[in-house]
Amino acid sequence: MNMAVAEFPKINIPAGKLLVGGEWIDSASGEMIDVINPATEQVFAQIAAGNAEDVECAVAAADRCFESAEWQKMRPLDRGRLLEKLALLIEAEADDLANLESWDNGKPFAVSRYVDLAFTIDALRYYSGWATKMAGEYIALSPFVDDGGMYRAYTERRPIGVVAGITPWNFPLGQAIQKLAPAIAFGCTIVLKPSEITSLTTLRLGELIRKAGFPAGAINILTGYGDPVGTGLVNHPKVRKISFTGSTVTGQNILRSASDQMKRVTLELGGKSPTIVLKDADMAQAIPGAAMAIFGNSGQVCTAGSRLFVEADVYDQVVEGVAEFSKTLNIGHAFDPQTVLGPLVSSQQLQKVSSLVEKGISEGAEVLSGGEGYGDTGYFYRPTVLGNVGADATLSKTEIFGPVVIANKLEDVRELKAAANNTPFGLGASVWTQNLNKAHVLASQIDSGTVWINTHNILDTAVPFGGVKMSGLGREFGTEAMHAFTEPKATVMRLDPKGLE
């Protein structure tokens, strides 16, 4: 395993600070959290451990900005220009930001640079255009009684207010923008709370936000643990909207807490996505496609294709192909150009994945490839293919969030609907076939927010994204983003036709 390490980026990272009201401040407690490189297991930085006092300060700053004349009078066009300016600043140091992301998260540099940073920049530009597209309706009313008046109404989209954006560790910078950009575009202010495991690119983002000229308090950044920082934001009475991406268990807790104050929520949670390969699929595309549906980003993707369903006629060909493909994937440090799979993000995540696979094996799962860690240093795990996993087994029901796929043989394609939907989750799915009729019928039958045909994990900010069942509430991206960060307000008026006399 090549452990070549790139030089740490020479950019100002205000680690150990919090961005509140446009200024970098110390946390109230002064406590710090170690930042660990998941490939070397070495501490290379520290971030501030925020607390309830810091939450109070950040929310107050966001609320002051939201209520200020400067923010209320700012033209939508100018909010969009701020987002575009931020995109240009990120674009100018994309290499350094990708470097930093790979140090912090462990993913291959090429993924950080050409997936995460590309998404980040594109999303800012997409939402910068949306800032001027908020529109309501003009409605002719039908009054119950004719009193001689003319009744009309109009609606307008109004920003919800202060948003709490709570982001996960698997796509740190992209997720920060996924919360920040629509909030700003549609007139909200925001407090970002990145995962305590991967906060560094969000902190660097804060410095670029200051440089771009956003009003003080429009965007605030608090680092720290989920409790007290995340819970403090969820429970704060002046936070009117929570946009959260993360585990289903945490999402459920947020929903319970938010209900006390009827806060608006968007929850993008876990998944157990099926990858379905029919016997007529183009195997040259389907086999590597099914493999990378699960092994990309070391399986740390909410829509990872972790359940593989294959028609019986081609089961052996596909499963053996995916297993052999997994053995060709180079595992290593983010800055080795040969690396395809980096480490899992933390020792806790490695332990979780290892324990689940061990439990699956104890329940009868057959290891077709992988099934164990890799190397003596770092949180690496081999890409794993498991067979003989029952529909009610632990591995079939639990989100693993690692490079582990379970293979299932289907004797009858008519079983697919029940098999694919036999999960509490419903985030994504893919169907691999050259028969478009079958593809569209299956797509209509699968309970998931997104179905891909002959591809997997293709995301675009123009396409609404989110899940059903235990995979979440609400949608992000596309036209749905406007509804997620605004609410309609109706104004009804009576006009007097005699007013012209």
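Refer to the structure printed above.
Source: prediction; values computed, not measured.

Draft legend 1. Main features of the packing of aromatic side chains. One pass over the structure, following the stated rule, counts 10 aromatic pairs. On the basis of an interplanar angle of 50 degrees and a centroid distance of 6.0 Å, the ring pair of Phe 119 and Phe 477 is categorised as tilted. Taken together, the residues Phe 119 in helix H5 (residues 109–130) and Phe 477 in the loop between strand S19 (472–473) and helix H16 (480–485) connect sequence positions 358 residues apart. Here Phe 477 falls in the buried class, since its relative accessible area comes to 2%. Aromatic side chains Trp 130 and Phe 186 sit 6.0 Å apart centroid to centroid with 65 degrees between the ring planes, which places their arrangement in the edge-to-face category. On the criterion of sequence distance, the pair formed by Trp 130 in helix H5 and Phe 186 in the loop between helix H6 (172–185) and strand S8 (189–193) is long-range, its members being 56 residues apart. Residue classification places Trp 130 among the buried positions, given a relative accessible area of 13%. An aromatic cluster is defined as three or more aromatic residues linked by ring pairs; in this entry it consists of Phe 8, Phe 44 and Trp 103.

Draft legend 2. Fine view of the sheet that holds strand S17 (residues 428–432). The strand order across the open sheet formed by 7 strands is S14-S15-S16-S13-S12-S17-S18, and the pairing between neighbours is mixed. The open sheet has two free edges, formed respectively by strand S14 (366–369) and strand S18 (450–453), since each of these has just one partner strand. Across the sheet, the mean angle separating the axes of adjacent strands is 25 degrees when strand polarity is ignored. Looking at chain direction, strand S12 (residues 274–277) and strand S13 (residues 307–311) are connected through 4 bridges and run parallel. Bridge pairing in S13 links Pro 274 to Arg 307.

Draft legend 3. Representation of unusual backbone geometry. In this structure, Ser 298 takes a positive phi of about 55 degrees despite not being glycine. For Ser 298, the position within the fold is in the loop between helix H10 (283–295) and S13. Looking at Ser 298, the relative accessible area reads 4%, which means it is buried. Its identity as a non-glycine residue notwithstanding, Phe 401 has a phi of 60 degrees, on the positive side. Relative to the helices and strands, Phe 401 resides in the loop between helix H13 (394–397) and strand S16 (404–410).

Draft legend 4. Representation of the nonpolar core. If you look at the biggest cluster of nonpolar residues, it comprises 65 residues, and the most contacted ones within it are Leu 86, Ile 90, Leu 124, Leu 180, Leu 205, Phe 214 and Ile 219. Broken down by element, the residue count for this core peaks at 8 residues, all from H6. If we ignore the near neighbours within four places in the chain, the residues touching Ile 219 are Leu 19, Leu 180, Ile 184, Ile 190, Leu 192, Ile 209 and Phe 214. With 29 residues, the next largest nonpolar core counts Ala 286, Ala 290, Phe 380 and Val 405 among its residues.

Draft legend 5. Highlighting the environment of Phe 425. In this fold, Phe 425 is placed in the loop between helix H14 (416–420) and S17. Sequence separation between Phe 425 and Ala 484 is 59 residues, and the spatial gap between their C-alpha atoms is 21 Å. Setting aside residues up to four positions removed in sequence, Phe 425 forms contacts with Thr 248, Gly 270, Gly 271, Lys 272, Lys 397, Glu 399, Asp 447, Val 468, Lys 469, Met 470 and Ser 471.

Draft legend 6. Fine view of a nonpolar patch on the surface. A surface patch of nonpolar side chains, amounting to about 220 Å² of accessible area, comprises Ile 139, Leu 141 and Val 492. Here Ile 139 lies in strand S5 (residues 138–140).

Draft legend 7. Main features of helix H3 (residues 76–92). With 17 residues, H3 extends 25 Å from end C-alpha to end C-alpha; this agrees with the ideal 24 Å at 1.5 Å per step. Those residues of H3 that are buried are in contact with helix H2 (69–73), helix H4 (94–105), H5, H6 and helix H7 (200–212).

Draft legend 8. Region of the structure containing the sheet that holds strand S6 (residues 150–159). Reading across from one edge, S5-S6-S20 is the order of the 3 strands in this open sheet, with antiparallel pairing throughout. Each edge of the open sheet is held by one strand with a lone partner, namely S5 and strand S20 (486–495). Pairs of neighbouring strands in the sheet enclose a mean axial angle of 25 degrees, with direction left out of account. Sheet topology places S5 next to S6; 3 bridges connect them, and they run antiparallel. By the bridge assignment for S6, Ala 140 is matched with Arg 152.

Rules used throughout
- Residues numbered from 1 in each chain as written.
- Predicted model: local features only at pLDDT ≥ 70, side-chain atom pairs only at ≥ 80, totals over all residues.
- Heavy atoms only, no water.
- Phe/Tyr/Trp six-rings, centres within 6.5 Å; stacked < 30°, edge-to-face > 60°.
- Helix = DSSP H or I, 4+ residues; strand = E, 2+ residues; numbered from the N terminus.
- Buried < 20%, exposed > 50% of the residue type's maximum accessible area, 1.4 Å probe, protein only.
- Pairing = 2+ DSSP bridges.
- Axes fitted to C-alpha atoms, helices over the stretch in contact; angles between N-to-C directions.
- Core = buried A, V, L, I, M, F, W, Y, C linked by side-chain atoms within 4.5 Å.
- Contact = heavy atoms within 4.5 Å.
- Patch = residues over 30% accessible without salt bridge, like charges linked within 9 Å, V, L, I, M, F, W, Y side chains within 5 Å.
- Areas by Shrake-Rupley, 256 points an atom, 1.4 Å probe, with all protein chains shown as cover.
- Salt bridge = Lys/Arg side-chain N within 4 Å of Asp/Glu carboxyl O.
- Expected span 1.5 Å × (residues − 1).

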